[in-house]
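Understanding the architecture of this molecule
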Amino acid sequence: MSAQTKFIIKNVIRVVTLLFAVSVITFALATMAPIDPVEAYAGSENHLPQEQLDQIAAKWGWDQPPIQRYLNWIGGVLTGDWGISVIYHRPVFDVVGERFLTSLALMGTAWIISGVLGFGLGILCGLRQNSWADRIIKGFCLVLAAAPTFWLALLALMFFSVFLGWFPTGLAAPAGMRAEDVTLAMRLHHLFLPALVLSVTGIAQITLQTREKTIEARLSDYALFARARGETERQFTRRHVLRNIALPAITLQFGSISEIFGGSVLAEQVFSYPGIGNAAVAAALRGDIPLLLGVALVAALFVFAGNMVANILYGVVDPRIRAGSEAIDG
Amino acid sequence: MAELVASRAASREARKNVRTSNRRRRAIMLAIVLGVILVAALVAGLTMSPDLYASDYSQKQQAPNAVHWFGTDFQGHDMFCFSIRGLALSIVIGLLASAVSGFVALILGSISAICGGWVDKVILWLADLFMSIPHMVMLLLISFSVGGGTLGVVLAVALTHWPSLTRVIRAEVLRIRTGEFVAASRAMGKGNVWIAWHHVVPNVLPQFIVGTILLFPHAILHESALTFLGFGLPLDSPAIGAILSSSMKYLATGAWWLAVFPGLMMVAIVLLTFTLGDDIKQLTDPHTVQE
């Protein structure tokens, strides 16, 4: 067996065990909650007789012991039946899928913009260390890293939507319009502000890290040797800086998927953007356990997918890894 | 000629020393100033008379003015005092959470590095597990599992910040254990306790302290986010997340001060602690402590 297949098998086992543990933990946490699923389903002010409540519990399996309930749930998940959302009265799988696609537009835009812009700005700062541009960008990034996402979202909403009136104050499309009448321009118009906020909050980390790594490269021995060979700055950047900082930047940017998901939860809340983060908050606030579990699973899958793509990209970017010389751990 | 070169080198060395000793002094001054500001905000917020941030309907919805620097909200709270009080609550939760997380990280990281083998694998796997669910979702789940509220936010923030620091401490302990200076000490017949005290502690302690300080800003940002979403401190309490959440209802009426100032104060505290952490890192790291 080659080192590479061994590495892949090891990774698959790791992902499967982790996903299994994620499902156990989320289920345990959700079941521990002091929320009566029957009450959440029937409404807290219901006047149903006890028999009927028992029937509801029996129908959904809520009268069974937790382990049996977990097995029922995970069995359903594996066969595509994720349960019924209590607040939307629709299959969780459909709700989560729909919401996830809406969020993906938001998170994807922000992720690409923050990655590309942050990488570029980081190189610029690193090459021109201590110039005024470097100082301004660095200061800006430090403040951004310290600012709560939801506060930036509030400020953007206040300034661009309320004060200037350039953008709508919420939702993903004009309210009260049929889905087929909504144009792409309208969607983009609604997407702009949340995506802006999410990009801006994601940019700080990648910029600061790229800046550090660029400075490191500039002060290295191979940089000195390159200068001695007479390489111009452009040649040096392309041949040495880019190659040395690409890998850490990829690691960071794919690792930030988990954070961009969290940021999206907050931004969606402020802009009432009907994405998966919004669904997570609604589910937790209103005790919709099946939906909450579904969102948590999708979130974990999303993070795993990001890590997997990063691992594949390492091989593309770095010929040493492609040769399968050493497995990357962590 | 050789003398000239030597004296030049010496004077360059001396100049460098002057410059760096100033840097060290500056770092100590900065740490003291930042520490004093943090403690002052904490003490002011905790000992403040409740009258100062009580609601007063005769004073409601005022824009910032000489009496109410940050304006008042729809219930007539003075936003300056209300925010200071909220910051103090955040600082308390942040301190608690970073202390718990830092301690967990220290124990797990050390055990992981010292025991190795399957213990190491289990701990790393646990850290991976916590990092594979987006942090915000994990916070929501933990808070949800105990029914939200103050207990929910404290537990959620305290129990989720250890994985990254655990890895740092594990790597550091491993690095020291396999270091040449430890091998040298062993060769000279020093025991485990001596090595732990003279090599491991001085190297790990700074990492631990700095790591714990740098957890603090994350903890208070997550606390306020959770409160903002409605899972943390009660929404009528003076907490930055709660203030910003209720300010959302008044944005359309142009009450900009309700959102701007409390948020700015939060940013200030977070920036302060980030800077403090970096500063102490420079002062305590064996590699830069002599600079």
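Residues numbered from 1 in each chain as written. Chains lettered and ligands numbered in written order. Predicted model: local features only at pLDDT ≥ 70, side-chain atom pairs only at ≥ 80, totals over all residues. Heavy atoms only, no water.

Take the overall build of chain B next. Each helix and strand in chain B was counted, giving 10 helices and 0 strands. Tracing chain B from N to C terminus, the helices and strands come up as α-α-α-α-α-α-α-α-α-α. In terms of overall dimensions, chain B is more spread out than a globule: its C-alpha atoms have a radius of gyration of 24 Å, far above the 19 Å expected for 291 residues. By its C-alpha atoms, chain B is 80 × 60 × 30 Å across when sized along the principal axes. (Helix = DSSP H or I, 4+ residues; strand = E, 2+ residues; numbered from the N terminus. Rg over C-alpha atoms; globule rule 2.2 N^0.38 Å.)

What follows is about the packing of helix H13 (residues 289-317) of chain A against helix H4 (residues 135-145) of chain B. Interhelical geometry of H13 of chain A versus H4 of chain B gives an angle of 150° and a closest axis separation of 11 Å. Overall, the two elements H13 of chain A and H4 of chain B adopt an arrangement that is roughly antiparallel. At the point where H13 of chain A passes H4 of chain B, the crossing takes the left-handed sense. Contacts between H13 of chain A and H4 of chain B involve Ile289, Leu292, Ala296 and Ala299 of chain A from the former and Val137, Leu141 and Phe144 of chain B from the latter. Here the residues of the contact of H13 of chain A with H4 of chain B are counted per class, giving 7 nonpolar, no polar and no charged. (Axes fitted to C-alpha atoms, helices over the stretch in contact; angles between N-to-C directions. Parallel < 35°, antiparallel > 145°, perpendicular 65-115°, else oblique. Left-handed = near helix turned anticlockwise from the far one by under 90°. Contact = heavy atoms within 4.5 Å. Nonpolar A, V, L, I, M, F, W, Y, C, P; charged D, E, K, R; others polar.)

The subject of this paragraph is the state of the cysteines. Residues and elements named next belong to chain A. A full pass over the atoms with the stated rule returns 0 disulfides over all chains. Here cysteine 141 stays unpaired: no disulfide links it, and the sulfur of cysteine 125, its closest cysteine neighbor, is 6.9 Å away. Here cysteine 141 falls in the buried class, since its relative accessible area comes to 2%. (Disulfide = S-S within 2.5 Å. Buried < 20%, exposed > 50% of the residue type's maximum accessible area, 1.4 Å probe, protein only.)

Taking 1.5 Å per residue as the helical rise, helix H5 (residues 92-127) of chain A with its 36 residues ought to reach 52 Å, and the 50 Å between its terminal C-alpha atoms agrees with that figure. Along H5 of chain A, the sharpest change in direction is near 25° and occurs at serine 103 of chain A. (Expected span 1.5 Å × (residues − 1). Bend = angle between axes of the 7 residues up to and from the residue.)

Attention now moves to the interface of chain B and chain A. Tallying the contact residues gives 41 residues for chain B and 45 residues for chain A. Across the chain B/chain A interface, buried area totals approximately 3,600 Å², and carbon plus sulfur atoms make up 85% of it. Together, Leu141, Phe144 and Leu251 of chain B form the three largest contributors to the area buried by chain B at its contact with chain A, with a combined 18%. In this structure, the connection of chain B to chain A is made through 1 salt bridge. Ionic pairing is found between aspartate 128 of chain B and arginine 14 of chain A, a salt bridge with its closest N-O pair at 3.2 Å. (Buried area = accessible area lost by both parts, 1.4 Å probe. Salt bridge = Lys/Arg side-chain N within 4 Å of Asp/Glu carboxyl O.)

This next bit is on the packing of aromatic side chains. All names here are of chain A. What the rule picks out here adds up to 15 aromatic pairs over all chains. Here tryptophan 82 and phenylalanine 93 contribute two aromatic rings whose centre-to-centre distance is 5.2 Å and whose plane-to-plane angle is 75°, an arrangement assigned as edge-to-face. Of the two residues, tryptophan 82 sits in the loop between helix H4 (66-78) and H5 while phenylalanine 93 sits in helix H5, which places them 11 residues apart along the sequence. The exposure class of phenylalanine 93 is partly exposed, given its relative accessible area of 43%. Three or more aromatic residues joined by ring pairs make a cluster, and in this case those are Phe159, Phe160, Trp166, Phe167 and Phe192. Across from the ring centre of phenylalanine 236, 5.3 Å away, lies the NZ or CZ of arginine 227, which sits over that ring. (Phe/Tyr/Trp six-rings, centres within 6.5 Å; stacked < 30°, edge-to-face > 60°. Lys NZ or Arg CZ within 6 Å of the ring centre and 35° of its normal.)

We now examine the packing of helix H8 (residues 192-229) of chain B against helix H10 (residues 257-284) of chain B. Residues and elements named next belong to chain B. Following both chains from N to C, one finds H8 and H10 inclined at 170°, their axes separated by 8 Å at the closest point. Overall, the two elements H8 and H10 adopt an arrangement that is roughly antiparallel. Along its contact with H8, which presents Pro206, Val210, Ile213, Leu214, Phe216, Pro217, His218, Ile220, Leu221 and Ser224, the element H10 presents Met266, Ile269, Val270, Thr273, Phe274, Gly277, Asp278, Ile280, Lys281 and Thr284. For the contact of H8 with H10, the per-class residue count stands at 13 nonpolar, 5 polar and 2 charged.

Once that is clear, we can look at the nonpolar core. With 158 residues, the main nonpolar core has Leu291 of chain A together with Leu229 of chain B as its most contacted residues. The next biggest cluster of nonpolar side chains, apart from the first, holds 8 residues, and it includes Ile123, Leu127, Ala226 and Phe236 of chain A. (Core = buried A, V, L, I, M, F, W, Y, C linked by side-chain atoms within 4.5 Å.)

Let us look at the pattern of salt bridges. All names here are of chain A. Summed over the entire model, instances satisfying the criterion amount to 10 salt bridges over all chains. In this structure, the salt-bridge partner of aspartate 134 is arginine 211, at a minimum N-O distance of 2.7 Å. Within this pair, whereas aspartate 134 is found in helix H6 (residues 132-146), its partner arginine 211 is found in helix H8 (residues 184-218), the two being separated by 77 residues in sequence. Residue classification places aspartate 134 among the buried residues on the basis of a relative accessible area of 2%. Close ionic contact of glutamate 231 with arginine 239 constitutes a salt bridge, the shortest N to O distance being 3.0 Å.

In this section: unusual backbone geometry. All names here are of chain A. Even without glycine at this site, histidine 89 takes up a positive phi of about 50°. Along the chain, histidine 89 turns up in the loop between H4 and H5. Looking at histidine 89, the relative accessible area reads 59%, which means it is exposed.

Another aspect to go through is H8 of chain B. Where H8 of chain B bends most, at valine 201 of chain B, the angle is about 45°, and the proline proline 202 of chain B comes one to four residues later. A positive phi of about 100° marks glycine 230 of chain B, the residue just after H8 of chain B.

All names here are of chain B. Together, Leu96, Val100, Leu151, Leu155 and Leu159 make up a nonpolar patch on the protein surface, roughly 400 Å² of accessible area in all. When contributions to the nonpolar patch are tallied by element, the ones reaching two or more residues are helix H2 (79-115) and helix H5 (149-159). Per-element tally for the nonpolar patch: the top contributor is H5, with 3 residues. By the secondary structure assignment, leucine 159 is in helix H5. Residue leucine 159 is classed as partly exposed on the basis of its relative accessible area of 38%. (Patch = residues over 30% accessible without salt bridge, like charges linked within 9 Å, V, L, I, M, F, W, Y side chains within 5 Å. Areas by Shrake-Rupley, 256 points an atom, 1.4 Å probe, with all protein chains shown as cover.)

Right, let's talk about the confidence of the model for chain A for a bit. Residue and element names in this part refer to chain A. A residue-level look at chain A finds 94% of positions with pLDDT of 70 or above and a mean pLDDT of 84. When mean pLDDT is compared element by element in chain A, H5 scores highest at 92, while helix H14 (residues 319-322) scores lowest at 70. In the predicted structure, residues 325-330 sits below a pLDDT of 50 and forms 6 contacts with residues beyond four places in sequence or in another chain. (pLDDT = per-residue confidence, 0-100.)

A separate point is the confidence of the model for chain B. All names here are of chain B. On average, residues of chain B carry a pLDDT of 82, and 90% of them reach 70 or more. Across chain B, the secondary-structure element scoring lowest on mean pLDDT is helix H1 (residues 2-47), at 70, and the one scoring highest is H4, at 92. Reported for the predicted complex are a pTM of 0.85 and an ipTM of 0.85.

Moving on to the side chain of threonine 166 of chain B. Assignment of secondary structure puts threonine 166 of chain B in helix H6 (residues 163-177). Sequence-distant contacts of threonine 166 of chain B, that is, excluding residues within four places in its chain, are made with Ala105, Leu108, Gly109 and Ile123 of chain B.

All names here are of chain B. For histidine 199, the position within the fold is in helix H8. Judged by relative accessible area, which is 13%, histidine 199 ranks as buried. Separated by 23 residues in the primary sequence, histidine 199 and isoleucine 176 place their C-alpha atoms 7.3 Å from one another. If sequence neighbours within four positions are ignored, histidine 199 has contacts with Ile176, Phe181, Val182, Ser185 and Trp194.

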